[in-house]
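Read off the chains here:
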Amino acid sequence: MEDEEEEKWRRELDGFTPPGVGYGSITEETLERLRKEKLSKAERRRRAREAKRAEAREDTAAVVCARCHSLRNYGHVRNHIADNLIPDFDFDRFISSRLVKRSAGTPVIVMVVDCADFDGSFPKRAARSLFKALEGRGSSKLSQTPRLVLVGTKVDLLPWEQMGVRLEKWVRGRAKALGAPKLDAVYLVSVHKDLSVRNLIWYVKELAGPRSNVWVIGAQNAGKSTLINAFAKKQGVKITRLTEAAVPGTTLGILRMTGVLPAKAKMYDTPGLLHPYIMSMRLNSVERKMVEIRKELRPRTFRVKAGQSVHIGGLTCLDVLEASVQTIYVTVWASASISLHLGKTETAEELQSKHVGIRLQPPVAPERATELGQWTERRINVSGVRWDLNSTDIAVSGLGWYSLGLKGHATVAVHTFDGIDVTQRDAMILHRAKFLERPGFLLPIAIANAIGEETRKKNEGMKGQQSDDEDLLDDESSE
């Protein structure tokens, strides 16, 4: 391939020698550009692969502990018992106490929230602590009031293109309702699709100046370490990559990141705040992968009447008890790996006990339902003014949410495990699916295939037993 390119280059010269530096307006940059243009596609791909391998070798050259090695390469920790003994990060002691002290610059707080699980990942306790610290510091003349920036990560998992500027307004309103102090800015970013990351870096650098400290805080697995890794990559800084894994509590201590900010400004990555009221904290590694949202959410809408129930796996159920209208449109926003079911409320309890861990997954086994906790009920009154748009959400932290569209009033009951946070809020996404789902089970392909394979093996076993019985009867009749 290279020989062909060289021959083509020579034919184009038509007997003339290649131009060099000083000929006309030709410079070293011109020659370098010409050399790059001569590279074939295969050669460019090969060089890109080599650069990627070199970067990976530099990354793996850093010595990490056994826990981080297991998280990076296998996505889980080896010793779950020892990992559960790690204490929660004391935010008041390590962060809030430093904000009230005198400092050279104005501290900057970057609060990271997962857009796909906003209520579950929003650090409510930290927000209250920050509010107290900001109140105490606002009356002090020692230094300026800390600046607070709210960053919504994983925005690519939402249908954000259809939501437009409404999403930012919703985030601001929801943050205020959950107790956040006055926000200096809100940024909705996606590291995976490189959305607004550069703008966020520029704004944080402007706020921090040459001497300020930047604290990145948020709940476990909200995307703090991923965001800082993206900062370093955009700035061209060679740092030891922070461990990223879909496991609660990946970061254990405060990590100082040098070189990301200019001059003497410093950035700190803090451990994720423990939220015991989210569903994913109770699930094992297999179940956590099922509920984890990895692709853009797609709505699944049911037409529901009073006396019907919608199950999201074996983890939660929504009963429509009473309604002033004949029809309510219930849209489920959750991982596509979770099975759904629409049926009668009077048989919902029997359905739960019969199919949980089998067709209603997660949990992945019937006995896991009792391990997750006691099944409790919470009644909620909802209302709406339009049936063609979602009016209100009922969010189950760490799992997903129901969006209800109705023109009237209704009373619903949400069933889930004791201690899991259930929140009623304004609708985050107004639109619903174009086509409605049918009553009955809506199974993911993996669960449907597993059930089909189990049924096939069971039928083969029954056929084998039946043939053995027939052979035994033939032998007895021949005797």
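Every value quoted in this text rests on a predicted model; they were computed, and no experiment measured them. (Residues numbered from 1 in each chain as written. Predicted model: local features only at pLDDT ≥ 70, side-chain atom pairs only at ≥ 80, totals over all residues. Heavy atoms only, no water.)

Student: Give a description of the overall build of the chain that names residues and reports values.
Tutor: Looking only at helices and strands, the chain has 16 helices and 16 strands in total. Burial statistics for the chain: of 479 residues in total, 45% are counted as buried. For the chain, the share of sequence-separated contacts (at least 6 apart) that also reach a separation of at least 24 residues comes to 76%. (Helix = DSSP H or I, 4+ residues; strand = E, 2+ residues; numbered from the N terminus. Buried < 20%, exposed > 50% of the residue type's maximum accessible area, 1.4 Å probe, protein only. Contact = heavy atoms within 4.5 Å.)

Student: How would you explain unusual backbone geometry if you had to name every residue and give the values?
Tutor: For the peptide bond that leads from Gln-361 to Pro-362, omega is -10°, which places it in the cis range. Of note, Pro-362 is situated in the loop between helix H14 (348-355) and helix H15 (368-372). The omega torsion across Pro-362 and Pro-363 is 5°, close enough to zero to call that bond cis. Of note, Pro-363 is situated in the loop between H14 and H15. Within the chain, Asn-221 stands out as a residue other than glycine whose phi angle is a positive 65°. With respect to the secondary-structure elements, Asn-221 resides in the loop between strand E4 (213-218) and helix H12 (224-235).

Student: Can you break down the environment of Asp-184 residue by residue, with the values?
Tutor: Mapping Asp-184 onto the fold places it in the loop between helix H10 (166-177) and strand E3 (185-188). A relative accessible area of 31% means that Asp-184 is categorised as partly exposed. Along the chain, Asp-184 and Val-149 lie 35 residues apart, while their C-alpha atoms are 5.7 Å from each other. The residues touching Asp-184, leaving out its near neighbours within four places in the chain, are Pro-146, Arg-147, Leu-148 and Tyr-203. Within the structure, Asp-184 has its side chain in polar contact with the side chain of Arg-147 (distance 2.9 Å). (Polar contact = N/O pair within 3.5 Å; in protein donor to acceptor, adjacent residues only side chain to side chain.)

Student: Break down the nonpolar core for me, with residues and values.
Tutor: Among the nonpolar cores identified, the biggest contains 35 residues, and Phe-122, Leu-150 and Leu-158 are the most heavily contacted of them. Residue assignment for this core shows that the elements contributing at least two residues are strand E1 (108-114), helix H8 (124-138), strand E2 (147-153), H10, E3 and E4. Among the elements that make up this core, the one with the highest residue count is H10 (4 residues). The residues touching Phe-122, leaving out its near neighbours within four places in the chain, are Met-111, Val-113, Ala-127, Leu-150, Ala-175, Leu-178, Ala-180, His-275 and Tyr-277. Counting residues in hydrophobic clusters, the runner-up holds 32 residues, among them Val-291, Leu-315, Leu-372 and Leu-406. (Core = buried A, V, L, I, M, F, W, Y, C linked by side-chain atoms within 4.5 Å.)

Student: Give me the packing of aromatic side chains: which residues, what numbers.
Tutor: The final tally for this structure, using the stated rule, is 7 aromatic pairs. When the ring of Trp-375 is compared with that of Phe-417, the centres are 5.2 Å apart and the planes differ by 80°; the resulting orientation is edge-to-face. With Trp-375 in strand E12 (residues 375-386) and Phe-417 in strand E14 (residues 400-417), this pair connects stretches of sequence that are 42 residues apart. An aromatic cluster of three or more residues is present, and its members are Phe-118, Phe-122 and Trp-170. If you follow Arg-425 out to its NZ or CZ, it ends over the ring of Trp-401, 5.1 Å from the centre. (Phe/Tyr/Trp six-rings, centres within 6.5 Å; stacked < 30°, edge-to-face > 60°. Lys NZ or Arg CZ within 6 Å of the ring centre and 35° of its normal.)

Student: Lay out the confidence of the model for the chain in plain terms, naming residues and giving numbers.
Tutor: Chain-level pLDDT for the chain is 78 on average; 71% of the residues reach the 70-or-more range. Low pLDDT, under 50, characterises residues 12-17; the stretch is placed with 1 contact to residues that sit more than four places away or in other chains. Low confidence marks residues 80-89, where pLDDT is under 50. Its contacts with residues over four positions away, or in another chain, come to 16 contacts. (pLDDT = per-residue confidence, 0-100.)

Student: So what about H10? Which residues, and what values?
Tutor: Compared with the 16 Å implied by 1.5 Å per residue over 12 residues, the 16 Å span of H10 between its first and last C-alpha is a close match. Turning to H10, its buried residues number three or more, namely Leu-167, Trp-170, Val-171, Arg-174 and Ala-175. Taken down its axis, H10 places every buried residue within 130° of arc, on the same side. In H10, the exposed residues that point more than 90 degrees away from the buried face are Lys-169, Lys-176 and Ala-177. Packed against the buried residues of H10 are helix H7 (118-121), E2, helix H9 (160-163), E3 and strand E15 (422-426). Looking one or two residues past H10, Gly-179 carries a phi angle of roughly 100°, positive in sign. (Expected span 1.5 Å × (residues − 1). Arc of directions from axis to C-beta.)

Student: Could you give me a rundown of the sheet that holds strand E6 (residues 266-269), with the residues and numbers involved?
Tutor: Spatially, E3-E2-E1-E4-E6-E5 is the arrangement adopted by the 6 strands of the open sheet, whose pairing is mixed. Two strands bound the open sheet, and with one partner strand each, they are E3 and strand E5 (255-257). Each strand axis lies, on average, 25° off the axis of its neighbour in the sheet, ignoring direction. Sheet topology places E2 next to E3; 4 bridges connect them, and they run parallel. Each bridged residue has a counterpart across the sheet, and for Val-151 the counterpart in E3 is Tyr-187. Across the sheet, H10 touches E2 and E3, and the angle it forms with E3 is around 125°. Taken strand by strand, helix H11 (residues 197-208) contacts E1, E2, E3, E4 and E6, and its axis lies near 165° from that of E2. (Pairing = 2+ DSSP bridges. Axes fitted to C-alpha atoms, helices over the stretch in contact; angles between N-to-C directions.)

Student: Can you explain the pattern of salt bridges? Please cite residues and give values.
Tutor: Using the criterion set out here, one finds 15 salt bridges in the structure. Across the pair Arg-172 and Glu-168 runs a salt bridge whose closest N-O atoms are separated by 3.7 Å. With Arg-172 and Glu-168 both in helix H10 and 4 residues apart, the pair spans about one turn of that helix. Close ionic contact of Arg-425 with Asp-393 constitutes a salt bridge, the shortest N to O distance being 3.4 Å. On the criterion of sequence distance, the pair formed by Arg-425 in strand E15 and Asp-393 in strand E13 (residues 392-396) is long-range, its members being 32 residues apart. The structure contains a network of salt bridges with shared partners spanning Asp-119, Arg-174, Asp-393 and Arg-425. (Salt bridge = Lys/Arg side-chain N within 4 Å of Asp/Glu carboxyl O.)

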